[in-house]
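Remarks on the overall topology
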Amino acid sequence: RPVGAIAKEVKALGGTINASTSFDYTIYTLNLPSVNFAQGLDIIADMVTNSAFDPAQVEKEREVIHGEMRLYHDRPDRRLSDMVFRNVYIRHPYRHPIIGYPSLFDGITREGLYAYYKSQYIPNNIILSVAGPVRSPEVLPLIKEAFKDFKQKAYLERNTPQEPPQIAERR
């Protein structure tokens, strides 16, 4: 699907699509009338398995993310949250902001981004959750068909550093 097609298709089907990121996960939320389940499933399967990361679009999105970074750092509640996490976590990656750092972000290449996508967007790293007025015996075969070529890969163990015991007050 070309750039912008997913949002238009979802809207035409009477739905909404959104995404969010946390420390440990990324969520894609697609809400559609249940009669459009098959089309929604096709959209999600396409997003998860076939993203192309067009170089021109990656650069365009880079500017959007820079804007989000500026907005992130302009919010006092986010600044306070960052200070708390940097104080609570000495070694764990939670001490870093979810949105990242502009200097590191600028070093990400399209190839690096695509390699990350291919290594992390794998079946054994994804949960597909379906809710609403649908019946499992009807939708499960559709799900299996949509993801039949989506093969598991070696799961990369994360070596998350352990926090040292807190033996004194931190400020």
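Read on for a plain summary of the structure. (Residues numbered from 1 in each chain as written. Predicted model: local features only at pLDDT ≥ 70, side-chain atom pairs only at ≥ 80, totals over all residues. Heavy atoms only, no water.)

Things to note about the pairing of strand β2 (residues 26-31)
Where we set the bar: The rule for pairing is simple: two strands pair if DSSP sees at least two bridges between them. Helix and strand assignments come from DSSP, with helices taken as H or I runs of at least 4 residues and strands as E runs of at least 2, each series counted from the N terminus.
Across 6 bridges, the pairing between strand β1 (residues 16-21) and β2 is antiparallel. Opposite Thr-16, over in β2, you have Asn-31 as the bridge partner. Once β1 ends, the chain turns through 4 residues before running back antiparallel as β2.

Observations concerning the side chain of His-92
Defined as follows: Residue contacts are counted whenever heavy atoms from the two residues lie within 4.5 Å of one another.
Checked against the element boundaries, His-92 lands in the loop between α4 (76-88) and α5 (102-105). Excluding residues within four positions of it along the chain, His-92 makes contact with Thr-160, Pro-161 and Glu-163.

Here's the deal with the pattern of salt bridges
In plain terms, the rule: A pair is scored as a salt bridge if a Lys or Arg side-chain nitrogen falls within 4 Å of a carboxyl oxygen belonging to Asp or Glu. Using a 1.4 Å probe on the protein chains alone, a residue whose accessible area is under 20% of its type maximum counts as buried, one over 50% counts as exposed, and one in between counts as partly exposed.
Counted according to the given criterion, the structure contains 8 salt bridges. Asp-42 is the partner of Arg-1 in a salt bridge, and the nearest nitrogen-oxygen pair spans 2.6 Å. Of the two residues, Arg-1 is situated in the segment before α1 (5-12) and Asp-42 in helix α2 (residues 37-50); the sequence distance between them amounts to 41 residues. You can call Arg-1 partly exposed: its relative accessible area is 37%.

Some thoughts on unusual backbone geometry
Residue Phe-53 is not a glycine yet carries a positive backbone phi of 55°. With respect to the helices, strands and loops of the structure, Phe-53 is situated in the loop between α2 and α3 (55-74).

Thoughts on the packing of aromatic side chains
Applicable threshold: Classification of ring pairs rests on two measures: the distance between centres of Phe, Tyr or Trp rings, Trp counted by its six-membered ring, which must be within 6.5 Å, and the angle between planes, read as stacked under 30 degrees, edge-to-face over 60 and tilted in between. Only lysine NZ and arginine CZ atoms are considered, and such an atom sits over a ring when it is within 6 Å of the ring centre and within 35 degrees of the ring normal.
Under the counting rule described, the total for this entry stands at 10 aromatic pairs. Aromatic side chains Phe-23 and Phe-85 sit 5.2 Å apart centroid to centroid with 45° between the ring planes, which places their arrangement in the tilted category. Of this pair, Phe-23 sits in the loop between β1 and β2 while Phe-85 sits in helix α4, placing them 62 residues apart in sequence. According to the relative accessible area criterion, Phe-85 is partly exposed, its value standing at 26%. Judged by centre distance (6.3 Å) and plane angle (55°), the rings of Tyr-28 and Tyr-121 are tilted. Within this pair, whereas Tyr-28 is found in strand β2, its partner Tyr-121 is found in the loop between α6 (110-120) and α7 (136-146), the two being separated by 93 residues in sequence. Grouped by ring-pair contacts, the aromatic residues Tyr-28, Phe-53, Tyr-114, Tyr-117 and Tyr-121 constitute a single cluster. Note that Arg-62 overlies the ring of Phe-105, its terminal NZ or CZ placed 5.3 Å from the centroid. The ring of Tyr-114 is capped by Arg-110, whose NZ or CZ atom sits 4.6 Å from the centre of that ring.

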